[in-house]
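# Results of the structural survey
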Amino acid sequence: MEATRVEVAYCEGWDAAAHAMFRPLKEETARERHSAGRRYAVLLSIDAEPRALVQVDTGAGYVGVFSFDLAGRRSLKFSYRDLGDHLMLRELKAWRHVEDEEPEFGADLRITFRFWPDEPVRATLDDTRRGQFTSYVKLPGPLHRIPLLEFGRWPVDGWLLGAFEPLEFGTAPDPETEATGAFWAPWSAPEGAKPTALEALFVAGARIRNGQGEVFEVREPGAVGRLRLTTGRVVAADPATVDLQGEQAAAPYTVTLAPGEYAMETARIRGAGRQVDVVAAARVVVSGAATQTWELALRPGQDERLLGASEFFGFVVDSGTAAFMDASAVVALAAYQDADDAEAAEATIPRDGIAELLTFPSGKGDGSYPVWIGRDAAGAVTCLVADMRLLGRGVEVEAPGSTDGAPSSTENAIERARQVPGEAVLETRDVTGVETFSSQGILEFFNDTADAQAEFWARRMGR
C-alpha cells in the first residue's frame, strides 16, 4: 500500500483565528529548543490540511497532542507528563461539536478523562445544558504509558491523523525568516500551584495586594506553642477526621526533621476595611536562616510531575480546624477518638505550650490546603508552612517602611523567597507495560466509555 505523506512543520503554536501556524520556526531552532528544555510546537498536515498539533516543553516534562476535526478545530487533546523513563497520559479531553459553525473549544458537551498511576480513570462529562456527571472506570491495560519523546518521532499514528498506514513523514521547507523579540505565547505547559508571598505573610506591617485589587495588611504573627517532634516525621491534617480519611491522610511527609521542639506560629492578615484578622497560614519554624527556595511537601507515592494547572497535593480539612503533629500523635489521637483513652490523649493536650499536636484555624474553613517546605541557600529546611491560599493570584508585596516605592531590605528578602520552586528528587516509576504509541486502544476505550456514560446520563435525566 502506498504510504500516506505527512508534512511536518515547526512553530510557536497554533493561531485558531487565522487557522494557521503562529510564528513558524526552522527545524534547527525547534531541535535546539528540544535539547535546551524550551517549548515549541509541531504541526502535522496531510494534503495541506492540519491533522495534529504537538506541543513540546521538555523543560517542564510536558507533551500535548491535539487532533483536528473535519471543520479544522482542535477537538481532541492528549496531555502527557514525563516521568523519567516513560510518558504517562495524564488527561484526555474531547469537545463534541454538533454544528460546523460552533467555535473551537465551544462545544456544549466536553468529556475529560483524568489518569493516575495504578488507579481508576476519572471520567467527567460537562454538558452546558444538563450539568456535570462524574464516574470512575477501570482502564484495561497500561494504555496510558508510552515511550519517552524523541525529536522527530511524534506520538501520532494513522488513527489519530485519520489516515491510512503506513505513514511517511517529511519536513516542510524552513521559513525564510523567524520572528524575534518578545511576544504573547499561545500556550504553556500545565504547572502545579506555586507558593504566594509566604515570607511576607509573617512580616508584620507588610501590605499585600492581589490581582483582584484586594489589599491585606499583615498583622503580628500569632504564637501557637512549641511542637514536639519525637520522631521527626511531620503530619498536617484535620485532627477531628484524620483517622477517618485513610492511610494517605495520616502519612507523614517525605521530608523529616531532627527530633526536638519547634516554635509554631500563625500568619494573620486583615483585609482593607475589615475589623477581624484571618489566619492565612501556619508555620513550623525550623531555623532562623533566610528562606531561598520553596517546594511542595509530598507524602509517599505523590509525584508533583503529575499535577495539572494550579493543582497541588494537600491535606483535607472537614471541621474547620487543622493541625501540625508528630507521626506518633496520629496513633494516639486515633486511639483517643476511638476509645476515649485518657492516657492516649496526653499527646494531644498542650502542657506549658508544648505538645505533639498543635491546632490552628483553617483559613476560610473546610477545604484542601498545601504545605510548603522552605530551604536556605545550602538546602537545609528552614520551615514548613501550611498555606490557606487566601491571597489569590497576581500578588504584589509592599514591605513595611517602604514609602517611595523603592524595595527595602525586608522587601528584598521577601522577593527572594516569593514563588521560587525548589529542587525535588523524584523517583522513576515502574514502566511495566510501556508500549509503542498507539491511539487506537485508548480512543476506543474513550469513545465506548463516553458513549455509555452519555446514554446512562440521558436515561437518568429522562431524555
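Residues numbered from 1 in each chain as written. Predicted model: local features only at pLDDT ≥ 70, side-chain atom pairs only at ≥ 80, totals over all residues. Heavy atoms only, no water.

## Things to note about the overall build of the protein
Along the backbone of the protein there are 7 helices and 27 strands. The proportion of buried residues among the 463 residues of the protein is 48%. Taking the contacts inside the protein whose residues are at least 6 apart along the sequence as the reference set, 66% of them involve residues at least 24 apart. Here the protein displays about 22500 Å² of accessible surface, and carbon together with sulfur accounts for 48% of that area. (Helix = DSSP H or I, 4+ residues; strand = E, 2+ residues; numbered from the N terminus. Buried < 20%, exposed > 50% of the residue type's maximum accessible area, 1.4 Å probe, protein only. Contact = heavy atoms within 4.5 Å. Areas by Shrake-Rupley, 256 points an atom, 1.4 Å probe, with all protein chains shown as cover.)

## Observations regarding the pattern of salt bridges
Counted by the stated rule, this structure contains 21 salt bridges. Linking Asp69 and Arg73 is a salt bridge whose minimum nitrogen-to-oxygen distance equals 2.9 Å. When sorted by exposure, Asp69 lands in the same class as Arg73, which is buried. Note that Arg145 and Asp118 form a salt bridge whose closest N and O atoms lie 3.1 Å from each other. Here Arg145 is found in strand 11 (residues 145–146), whereas its partner Asp118 is found in the loop between strand 8 (109–114) and strand 9 (121–127), with 27 residues between them in sequence. The structure contains a network of salt bridges with shared partners spanning Glu217, Arg219, Arg268, Arg270 and Asp277. (Salt bridge = Lys/Arg side-chain N within 4 Å of Asp/Glu carboxyl O.)

## Looking at the sheet that holds strand 23 (residues 357–361)
In spatial order, the strands read 16-21-23; together these 3 strands make up an open sheet with antiparallel pairing. In this open sheet, the two strands that pair with only one neighbour each are strand 16 (234–237) and strand 23. Across the sheet, the axes of successive neighbouring strands diverge by a mean angle of 15 degrees, strand direction being ignored. (Pairing = 2+ DSSP bridges. Axes fitted to C-alpha atoms, helices over the stretch in contact; angles between N-to-C directions.)

## Things to note about unusual backbone geometry
A cis amide bond links Glu165 to the next residue, Pro166, at an omega of 0 degrees. Within the element layout of this structure, Pro166 appears in the loop between helix 2 (158–161) and strand 12 (167–171). Unusually for a residue other than glycine, Ala48 sits at a positive phi of about 70 degrees. Residue position: Ala48 is located in the loop between strand 3 (40–46) and strand 4 (49–57). Of the residues examined, Ala48 reaches a relative accessible area of 75% and is grouped as exposed. At Ala197, a residue that is not glycine, the phi angle is positive and equals roughly 50 degrees. Within the secondary structure layout, Ala197 lies in the loop between strand 12 and strand 13 (207–209).

## A word on the side chain of Asp157
Residue placement: Asp157 occurs in the loop between strand 11 and helix 2. It turns out Asp157 is buried and unbridged, and the closest side chain with the opposite charge, Arg51, is 11 Å from it. Looking at Asp157, its side chain comes within polar contact range of the main-chain nitrogen of Leu160, at 3.0 Å. Separated by 2.6 Å, the side chains of Asp157 and Ser439 make a polar contact. Here Asp157 is in contact with Glu165, Leu167, Phe437, Ser438, Ser439 and Gln440, once residues within four sequence places are set aside. (Lys, Arg positive; Asp, Glu negative; His and termini not counted. Polar contact = N/O pair within 3.5 Å; in protein donor to acceptor, adjacent residues only side chain to side chain.)

## Considerations on the environment of Ile442
Mapped onto the fold, Ile442 is located in helix 7 (residues 439–460). Once the C-alpha coordinates of Ile442 and Leu143 are considered, the two residues, 299 residues apart in sequence, prove to be 6.0 Å apart. Residues contacting Ile442, with those up to four places away along its chain left out, are Phe78, Leu89, Leu92, Phe115, Leu139 and Leu143.

## As for the packing of aromatic side chains
Counted by the stated rule, this structure contains 15 aromatic pairs. Arranged with centres 5.5 Å apart and planes meeting at 10 degrees, the rings of Tyr10 and Phe151 form a pair that is stacked. On the criterion of sequence distance, the pair formed by Tyr10 in strand 1 (residues 4–15) and Phe151 in the loop between strand 11 and helix 2 is long-range, its members being 141 residues apart. Side by side, Tyr10 and Phe151 carry an identical accessibility label, which is buried. Taken together, a centroid distance of 5.4 Å and an interplanar angle of 75 degrees make the contact between Phe151 and Trp154 edge-to-face. (Phe/Tyr/Trp six-rings, centres within 6.5 Å; stacked < 30°, edge-to-face > 60°.)

## A closer look at helix 1 (residues 27–36)
At 3.6 residues per turn, the α-helix brings residues three or four places apart onto the same side. Within the span of helix 1, buried status applies to Thr29, Ala30, Arg33 and His34. Buried residues along helix 1 cover an arc of 140 degrees about the axis, so they all sit on one side. Facing away from the buried side of helix 1 by more than 90 degrees, the exposed set consists of Glu28, Ser35 and Ala36. The inward-facing, buried residues of helix 1 contact strand 1, strand 2 (20–25), strand 3 and strand 4. Trailing helix 1 by a residue or two, Gly37 shows a phi angle of about 80 degrees, which is positive. (Arc of directions from axis to C-beta.)

## Description of the environment of Glu396
Structurally, Glu396 is set in strand 27 (residues 396–398). Taking the relative accessible area as the measure of exposure, Glu396 reaches 53% and is therefore exposed. Separated by 181 residues in the primary sequence, Glu396 and Val215 place their C-alpha atoms 9.5 Å from one another. Not counting the four nearest positions on each side in its chain, Glu396 is found in contact with Arg207, Ile208 and Arg209.

## Some words on the nonpolar core
Residues Leu201, Phe315, Phe324, Val371 and Leu384 are the most contacted members of the largest nonpolar core, which totals 54 residues. Top element by residues in this core is strand 26 (residues 381–387). It accounts for 5 residues. Judged by nonpolar contacts, the second largest core, of 48 residues, contains Tyr40, Leu76, Leu83 and Trp154. (Core = buried A, V, L, I, M, F, W, Y, C linked by side-chain atoms within 4.5 Å.)

## Points about the pairing of strand 6 (residues 74–82)
Burial analysis of strand 6 places 8 of its 9 residues in the buried class, the great majority of the element. Pairing geometry for strand 5 (residues 62–68) and strand 6, over 7 bridges, is antiparallel. Looking across to strand 6, one finds that Gly64 is bridged to Ser79. Connecting strand 5 to the antiparallel partner strand 6 that follows it, the hairpin turn spans 5 residues, and Gly72 within it adopts a positive phi of roughly 80 degrees. Hairpin remark: strand 6 followed by strand 7 (residues 87–96), antiparallel, with 4 residues in the connecting loop; positive phi at Gly84, about 100 degrees.

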